[in-house]
Amino acid sequence: MTGTGADKLAEILKRYLNHIVYIDDEFKISWNTREHDEEKPPRRSSRKYAGSQAEQDDAAALESNLEAFCKIVRREYPEILLTPVVYEEPMDIENLVIHMKQARMLILDWSLSERVTAVKLLKRAEFFGQLRFCVIYTSKLDDAKREFINEIPNVKRDGLKRGECRGKEYEYVRADSVIYLICEKDKFDFHMIMSSLTEIFIQEIGYFPVAFLDMVARLEEKVPYYLNQFSCPFDKLLMLQINSDGLPMNDVYHTMNDMVVNNIRADINLDESVLDGIFENQIYLLKQLSGDEERFQERLYKSLDIISDRLECPESERALLKEIPLEHYKKVIEKAVLNPRDLSKGLHSASEMLAKQYGIQKAERLIAESGAANGNAGIKKELSRLYRQQFRQKAEKIFPACLMILTNPDESYQINRLITSLKIVNYKDGDNVFPEIFRDCYTQEEEYMCLKTEAGRPKLGLLQNKLNSGDILYKREGGIEKCYLCIVPSCHILRPKKVDGNILFVEGRIVSEKPDRNLKDSEHFTILPGVEDENKLMRVIWQYHKIVSLDLNRILCSDFENLRRPYKLTYEYVRQIMGEFVAFYSKSGVEELFLKADSSLEHLLLRR
């Protein structure tokens, strides 16, 4: 990857990797400065001596190695905090693990001593859970790889991948939250390691997460401001406000949470350049792919197969798509990405171009199959137009999706992840079924679960803060899936006593696909992650004219046992739906409700 996007990414990554822990017993890694070759520091002799002079020489050599390396890092990467840790035996492994947990980047010599390799540190569970980069360098590459693959969790499953930087090869793998890079000690230098991480990050994590790293960095810079903003006597004033308003603690918690989130939200914004970077990177990958005829064809056909399977295209359509010349596909792709600022328009024009070529191919095949060698030009033109129109809508679905996965069709493309990020908030296990949500709140009386009453506690007080506005309730009844959306305002759902425990839901009709017709003004269409199968999508039409009430004072046992609450809609999205719901019931209709389009009364009165 090249260009301004790559430079921006490298800069953000350097800020994220601002703390490096470097563990070695000798610090003999090879390095060069950017401007000129740096004289390499003297190496420790591999021979072992019993005399004190030999030990002093070794110590002097180690000190020289370490000092030279630290000087170069300070000069070349002033923004990086480097913590060099000299491994000596006996050494407290627990102490080393503490250093590792604090670092976002770890550089390790594989052979820390004759008896200890880096795997002893990397197998520690404490090392996982945060995005980290771990660089392993060694003079015994084959031995290190063998032990690394066998001992580090999930590495054997994922397998090592090859990369290259300045003509030097390295291998890497992403296992859980850690990206490992393995390289040969005397062939890979510190600068090459830093450069390689940009390429690996793009390949394994993607470009958009760069924006998150940037946000985190800017948020960290604001910490001193927040400390001053909410310092004493803020907490005392807060307690005074709680006392004067007579608010219960549950109300205070949500109010405080909103206040903190709103303050943070005001200080962080998505870097606009991230979209430019995503586009720039995609174009770069497409250009690379287009230059390799064999690989381009293989990936194109694989992408077409993936999309055709999803759209259940007949075999005749698949075959015809693969008969379109590769050069034409390259022209279509070039047209699609011509203007990054108006990608939607480019994709539409490219889809039209593909549909037109499809119509030509199909017309030519039909004429050839009919036995007419050339056919009538007018008939061919008319057939091409007809088939183009028939295929246009499908081309609008096939081409954009194909373009997005063309550079790597082997990746897992799950739209569920995007939908989850944009529209919903998941509930943790235990908060998604009624018996857990309302634990110790109900007792069974015949076919109902009835709300308990407690002396000295207001009715419905047990249910405070149990449900949320935007909650999705789901159940399967008689083989039919049903879902409901809570549309009660947050203040009332927080304290159900305000509505006497009656919570209103809009009923959702689950459909197999988005309806082609325009939705009624009483409907809203939503795509949600599947409840019973997270790899599938659930398409729901919310029906504002179908309102269901749930009386929390007593709930049918069957509903209590079967209703699930897998997630809730985000605050912004549920507000949008509630706005449409209110607008629907606020319609004033036509002005002449009784005499609408009816002139009979007028005729009657005007008769003479």
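Each chain carries its own residue numbering, running from 1 in the direction its sequence is written. Side-chain atom pairs in this predicted model are given and counted only at pLDDT of 80 or more, local residue features only at pLDDT of at least 70, and totals for whole chains, interfaces and linings cover all residues. Side-chain numbers here rest on the full set of heavy atoms in the structure, without hydrogens or water.

Draft legend 1. Looking closely at unusual backbone geometry. Residues other than glycine seldom take positive phi values, yet glutamate 446 does so here, at roughly 55°. Runs of H or I in DSSP of at least four residues are treated as helices and runs of E of at least two as strands, each being numbered from the N terminus. Of note, glutamate 446 is situated in the loop between strand E9 (442–445) and strand E10 (448–451). Each residue gets one of three labels from its accessible area relative to the maximum for its type: buried under 20%, exposed over 50%, partly exposed in between, using a 1.4 Å probe on protein chains only. Judged by relative accessible area, which is 70%, glutamate 446 ranks as exposed. Located in the positive-phi region is aspartate 500, a residue other than glycine, with phi close to 55°. Along the chain, the position of aspartate 500 falls in the loop between helix H20 (490–494) and strand E13 (502–511).

Draft legend 2. Region of the structure containing the pairing of strand E3 (residues 105–109). By the criterion of burial, E3 is predominantly enclosed, with five of the five residues buried. Neither face of E3 is exposed, since Met105, Ile107 and Asp109 on one face and Leu106 and Leu108 on the opposite face are all buried. When DSSP finds two or more bridges between a pair of strands, those strands are recorded as paired. Both strand E1 (residues 19–24) and E3 contribute to a ladder of four bridges, which runs parallel. Within E3, the residue paired with isoleucine 20 across the bridge is methionine 105.

Draft legend 3. Quick peek at the nonpolar core. Of all hydrophobic cores here, the largest spans 39 residues; its most connected members are Ile20, Met105, Ile107 and Phe190. For this core, the element with the most residues is helix H7 (residues 190–204), which contributes eight residues. By the convention used here, residues are in contact when the closest approach between their heavy atoms is within 4.5 Å. Residues contacting isoleucine 107, with those up to four places away along its chain left out, are Ile20, Val21, Tyr22, Ile23, Val135, Tyr137 and Phe190. Phe296, Leu304, Leu326 and Leu406 belong to the second largest nonpolar core, which has 32 residues in total. Note on terminology: a nonpolar core comprises buried Ala, Val, Leu, Ile, Met, Phe, Trp, Tyr and Cys residues joined through side-chain atoms within 4.5 Å.

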